[in-house]
Amino acid sequence: MTVESQLRADIVEVGRRMYARGYTASNDGNISVRLGDDRLLMTPRSVCKGFMTPDMMCITDLDGKKLQGDRDPSSEMLMHLEVYRQRPDVRAVCHAHPPIATGFAVAGIPLDRAVLAEVLTTLGSIPIAEYATPSTSELPAAVRKYVKAHDGMLLANHGALTLGGDVLSAYYKLETIEHFAKISLVARLLGRENLIARDEVDRLQALRNNYGIKAPAPICPDVTAVGDLLAGPDPVTCQIVQAPEGDGRSRLVPDPIVPGAPLPNATAAGPDGDEEIRLTYRELSALIEDAIRSLK
Ligand SMILES: [Zn+2]
């Protein structure tokens with residue numbers, strides 16, 4: 001089997017897996033891989049990724065000019081070209097709409113909390129590239145901001161994008177993002193997320209070398225300046241990870257309130273001096289009923 005025929009077979013297999021796992025519906029999603037230094041092998045537009053055959057693929061140059069193939073290349077080709085332009089180390093790109101991760105992208109919630117050790121080691125954090133109209137040149141511009149520092153990102157109100165050294169490793173990052181999103185959703189539904197402490201996050205990042213994982217960028221040392229970092233026009237060069245200092249048991253989401261049970265930290269004063277109040281379930285119900293009555 002030649003290198004090219006193997007790559008065609010890899011794209012077919014990854015497309016089949018993406019569709020089988022529900023990461024794409026209908027003709028959604030696209031996959032590409034470098035074919036030598038100056039050519040790309042890419043999925044064609046308007047085909048279901050679950051039913052592709054190796055002969056369907058297009059060959060383009062790095063400017064997107066079709067060199068070979070009966071069909072036109074993917075409608076998201078511009079986004080793929082931008083990734084290869086910005087990241088000479090990347091050899092494959094996957095894009096799909098995995099539903100849980102895309103739900104986070106729709107809600108505007110990045111997957112940037114330090115909650116899973118393996119995700120921190122493999123991907124670091126997963127940001128959201130700002131909304132851009134699919135298939136236009138807006139989308140490459142939105143991706144450009146994050147692509148130097150991230151191998152995986154969400155696309156606002158759209159889906160997810162992953163990059164890798166080969167087609168399967170780019171695809172596995174898509175799986176990791178969707179799996180991470182699923183676990184994050186369950187933890188948030190359960191009402192709490194215990195975060196991994198910053199010093200442990202640093203240790204996990206250091207482990208990347210042991211596993212031979214090439215990190216595109218380090219974690220940002222000063223997370224207090226992340227707002228400035230994201231708001232500015234410049235590309236992001238480090239990864240934002242929300243991780244507390246200290247013992248790693250900080251909670252972003254408080255414990256759920258169980259009627260009748262004593263409230264934890266019920267009298268603790270906040271950092272600004274505001275005290276939490278303690279209410280019984282009956283008192284809380286009465287307050288809510290009063291509020292509803294006053295609305296009528
Ligand atoms: Zn898409």
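Before going into details, it helps to say that this report is about the structure given with it. Remember, predicted model here, so these are calculated numbers, not experimental data.

The next subject is the overall build of the chain. When its secondary structure is counted, the chain shows 9 helices and 8 strands. For the chain, with 296 residues in total, the buried portion stands at 34%. In the chain, of all internal contacts separated by at least 6 residues, the share reaching a separation of at least 24 is 64%.

Judged by pairing direction, the sheet is mixed, and its 8 strands sit side by side in the order 4-3-2-1-5-8-7-6 without closing on themselves. Each having just a single partner strand, strand 4 (66-68) and strand 6 (128-129) make up the two edges of the open sheet. Across 3 bridges, the pairing between strand 1 (residues 30-34) and strand 2 (residues 39-42) is antiparallel. Among the inter-strand pairings, Val-33 is bridged to a residue of strand 2, identified as Leu-41.

Before going further, it helps to spend a moment on the pairing of strand 3 (residues 58-61). Burial along strand 3 is one-sided: the residues Cys-58 and Thr-60 are buried and none of Ile-59 and Asp-61 is. The pairing of strand 2 with strand 3 spans 4 bridges and is classified as antiparallel. Each residue of the ladder has a partner; that of Leu-41, found in strand 3, is Ile-59. As judged from the 2 bridges shared by strand 3 and strand 4, these two strands associate in the antiparallel manner. Bridge pairing in strand 4 places Thr-60 opposite Lys-66. Between strand 3 and strand 4, which pair antiparallel one after the other, the connecting turn spans 4 residues, and Gly-64 there sits at a positive phi close to 90 degrees.

This next bit is on unusual backbone geometry. Positive phi is not limited to glycine here, since Ser-46 has a value of about 60 degrees. Locating Ser-46 in the fold gives a position in the loop between strand 2 and strand 3. Take Ser-46: there are 10 C-beta atoms within 10 Å of it, and that puts it in the exposed class. The phi torsion at Ser-135 lies on the positive side, around 70 degrees, for a residue other than glycine. Relative to the helices and strands, Ser-135 is located in the loop between strand 6 and helix 5 (138-147).

This brings us to the packing of helix 1 (residues 3-20) against helix 6 (residues 167-190). As a packed pair, helix 1 and helix 6 sit with axes 9 Å apart at the nearest point and diverge in direction by 15 degrees. Classed by the angle they form, the pair helix 1 and helix 6 counts as roughly parallel. Both helix 1 and helix 6 take part in a crossing whose hand is right-handed. Contact with helix 1, carried on its side by Leu-7, Asp-10, Ile-11, Val-14 and Arg-17, involves Val-167, Leu-168 and Tyr-171 of helix 6 and no other residues of that element. Looking at the contact of helix 1 with helix 6, its residues break down into 6 nonpolar, no polar and 2 charged.

Most of strand 1 sits inside the fold, with 5 of its 5 residues counted as buried. Of the two faces of strand 1, the one lined by Asn-30, Ser-32 and Arg-34 and the one lined by Ile-31 and Val-33 are each fully buried. As paired elements, strand 1 and strand 5 (residues 92-96) share 4 bridges and run antiparallel to each other. Within strand 5, the position partnered with Val-33 by the bridge is Ala-92. The loop that links strand 1 with its antiparallel partner strand 2 comprises 4 residues; one of these, Gly-36, has a positive phi angle of about 75 degrees.

One finds Ile-11, Val-143, Leu-154 and Val-167 to be the most contacted residues of the largest nonpolar core, which totals 63 residues. Setting aside residues up to four positions removed in sequence, Val-167 forms contacts with Leu-7, Asp-10, Ile-11, Val-14, Ile-31, Val-33 and Ala-92.

Criteria and cut-off values
Residues numbered from 1 in each chain as written. Predicted model: local features only at pLDDT ≥ 70, side-chain atom pairs only at ≥ 80, totals over all residues. Helix = DSSP H or I, 4+ residues; strand = E, 2+ residues; numbered from the N terminus. Buried ≥ 20, exposed ≤ 12 C-beta atoms within 10 Å, placed from the backbone. Contact = placed C-beta atoms within 7 Å. Pairing = 2+ DSSP bridges. Axes fitted to C-alpha atoms, helices over the stretch in contact; angles between N-to-C directions. Parallel < 35°, antiparallel > 145°, perpendicular 65-115°, else oblique. Left-handed = near helix turned anticlockwise from the far one by under 90°. Nonpolar A, V, L, I, M, F, W, Y, C, P; charged D, E, K, R; others polar. Core = buried A, V, L, I, M, F, W, Y, C linked by C-beta atoms within 7 Å.

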